[in-house]
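Spelled out, the chains give:
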Amino acid sequence: MSSELAGVPDEFQRLWTPYRMAYIQQGQQPEPHACPFCVAPTLADADGLVVHRGRTAFVIMNLFPYNTGHVMICPYRHVATYDLATTEETAEIALLTQQAMRTITAVSGNHGFNIGMNQGQVAGAGIADHLHQHIVPRWATDANFFPIIAKTKALPRLIEEVRAELQEGWLS
């Protein structure tokens, strides 16, 4: 009987993450009026997790990062795919990507990056209707067994702490 097993110690560790419940219950795709990439730049930088603001695009922390310092570059305009972005937007996304890479390396001393865009929900875009490019810093020693065995990422620093540090150290 499963009721007899309740409370019995086992070999598994538990990492309680109740803040993810809203994400799980609401699903990945927000209502069109509640796009986080449209809402974030209307807030104060700390509240919207904005690191840097450009003319047509901005840099924002990833609320569900793969690694500490994981940022995204987003156009302000609500556009779904790269081919729909203007020449000005794509140029600034490229420039902000270079600046973010320089800043992250100067601030955190990482050894490399994963950079990419998932275009459309079937391609894995968490927010499919608003274009965004991921910039994930990597370190030679950042891989461990957590993601493979426990589907868990261990992040050694708080997101707001990292956001403030990147914003303060931003290299144009």
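Residues numbered from 1 in each chain as written. Predicted model: local features only at pLDDT ≥ 70, side-chain atom pairs only at ≥ 80, totals over all residues. Heavy atoms only, no water.

Engineer: Please clarify how the pairing of strand β2 (residues 57–61) should be interpreted in this entry.
Structural biologist: Across a regular strand the side chains alternate sides, sitting on one face of the sheet and then on the other. Counting buried residues in β2 gives 5 out of 5 residues, a clear majority hidden from the surface. Here strand β1 (residues 50–53) pairs with β2 via 3 bridges, running antiparallel. Note that in β2 the partner of Arg53 across the bridge is Phe58. Two elements, β2 and strand β3 (residues 71–75), share 5 bridges in a ladder whose sense is antiparallel. Among the inter-strand pairings, Met61 is bridged to a residue of β3, identified as Val71. (Buried < 20%, exposed > 50% of the residue type's maximum accessible area, 1.4 Å probe, protein only. Helix = DSSP H or I, 4+ residues; strand = E, 2+ residues; numbered from the N terminus. Pairing = 2+ DSSP bridges.)

Engineer: Even after reading the chapter, I still don't get empty space enclosed by the protein, so can you show me in this structure?
Structural biologist: Over the atoms rolls a probe the size of a water molecule, and its path tells where empty space is left. Under the criterion given, the structure shown has 1 cavity of 30 Å³ or more. Estimates place the volume of the largest cavity at around 30 Å³. Around the largest cavity sit Ala80, Asn118, Gln119, Ala125, Ile127, Ala128, His130, Leu131 and His132, which together line it. (1 Å grid on protein atoms, 1.4 Å probe; cavity = no way out; pocket = protein on both sides within 12 Å on 5 of 7 lines; lining within 4 Å. Points joined across faces, edges and corners; volume = space filled by probe spheres on them.)

Engineer: What is the right way to look at the sheet that holds strand β5 (residues 133–138) in this model?
Structural biologist: Strand pairing within a sheet occurs via backbone hydrogen bonds; the two strands may be parallel or antiparallel. Spatially, 5 strands are ordered β1-β2-β3-β5-β4 in an open sheet, and the strand pairing comes out antiparallel. Where the open sheet ends on each side, the last strands, each with one partner, are β1 and β4 (112–116). Adjacent strand axes in the sheet meet at a mean angle of 20° when their direction is disregarded. Strands in contact with helix α5 (residues 87–108) are β1, β2, β3, β4 and β5; relative to β3, the strand with the most contacts, it is inclined by about 160°. In the packing of helix α7 (residues 159–168) onto the sheet, the strands contacted are β1, β2 and β3, and the crossing angle to β1 comes to about 25°. (Axes fitted to C-alpha atoms, helices over the stretch in contact; angles between N-to-C directions. Contact = heavy atoms within 4.5 Å.)

Engineer: Help me understand unusual backbone geometry in this model?
Structural biologist: Excluding glycine, residues mostly have negative phi values, and the peptide bonds linking residues are mostly trans. A positive phi angle, close to 60°, is found at Leu49, a residue other than glycine. Tracing the chain through its elements places Leu49 in the loop between α4 (45–48) and β1. On the basis of relative accessibility, which here comes to 14%, the residue Leu49 falls in the buried class.

Engineer: Would you take a moment to explain the environment of Ile135 for this structure?
Structural biologist: With respect to the helices and strands, the residue Ile135 is situated in strand β5. Taking the C-alpha atoms as reference, Ile135 lies 9.8 Å from Asn67; in sequence the two are 68 residues apart. What Ile135 contacts, discounting residues up to four positions off in sequence, is Gly69, His70, Val71, Ile73, Thr97, Ala100, Met101, Ile104, Phe113, Asn114 and Ile115.

Engineer: Sorry, what's going on with the pairing of β5 here?
Structural biologist: By the criterion of burial, β5 is predominantly enclosed, with 5 of the 6 residues buried. One ladder, built from 3 bridges, connects β3 with β5; its direction is antiparallel. When the bridges of β5 are listed, Met72 appears paired with His134. Both β4 and β5 contribute to a ladder of 5 bridges, which runs antiparallel. Paired with Ile115 across the bridge in β5 is Ile135.

Engineer: Whenever I open this one, the state of the cysteines confuses me. Can you help?
Structural biologist: Among covalent bonds in proteins, the disulfide is the one between the sulfur atoms of two cysteines. According to the stated counting rule, one finds 0 disulfides in the structure shown. There is no disulfide at Cys38, and the cysteine sulfur nearest it, in Cys35, is 3.9 Å away. (Disulfide = S-S within 2.5 Å.)

Engineer: Hey, could you run me through the nonpolar core in this one?
Structural biologist: Taken as a class, soluble globular proteins show a tendency for nonpolar side chains to be buried jointly. In this structure, Phe37, Ile60, Val71 and Ile73 are the most contacted members of the largest nonpolar core, which totals 27 residues. Elements supplying a minimum of two residues to this core: β1, β2, β3, α5 and α7. When residues of this core are assigned to their parent elements, the largest contribution, 5 residues, is made by β2. Beyond its immediate stretch of four places on either side in the chain, Ile73 contacts Ala57, Phe58, Val59, Ile93, Leu96, Thr97, Ala100, Leu131, His132, Gln133 and Ile135. (Core = buried A, V, L, I, M, F, W, Y, C linked by side-chain atoms within 4.5 Å.)

Engineer: I would appreciate a short explanation of α7 in the present structure.
Structural biologist: One full turn of an α-helix is made of 3.6 residues, so residues set three or four places apart face in the same direction. Among all positions in α7, only Val162, Arg163 and Leu166 are buried. Across the axial projection of α7, the buried residues extend over an arc of 100°, all falling on one side. Each element contacted by the buried residues of α7 is listed here: α4, β1, β2, β3 and α5. (Arc of directions from axis to C-beta.)

Function-wise, these values are silent; they only describe arrangement.
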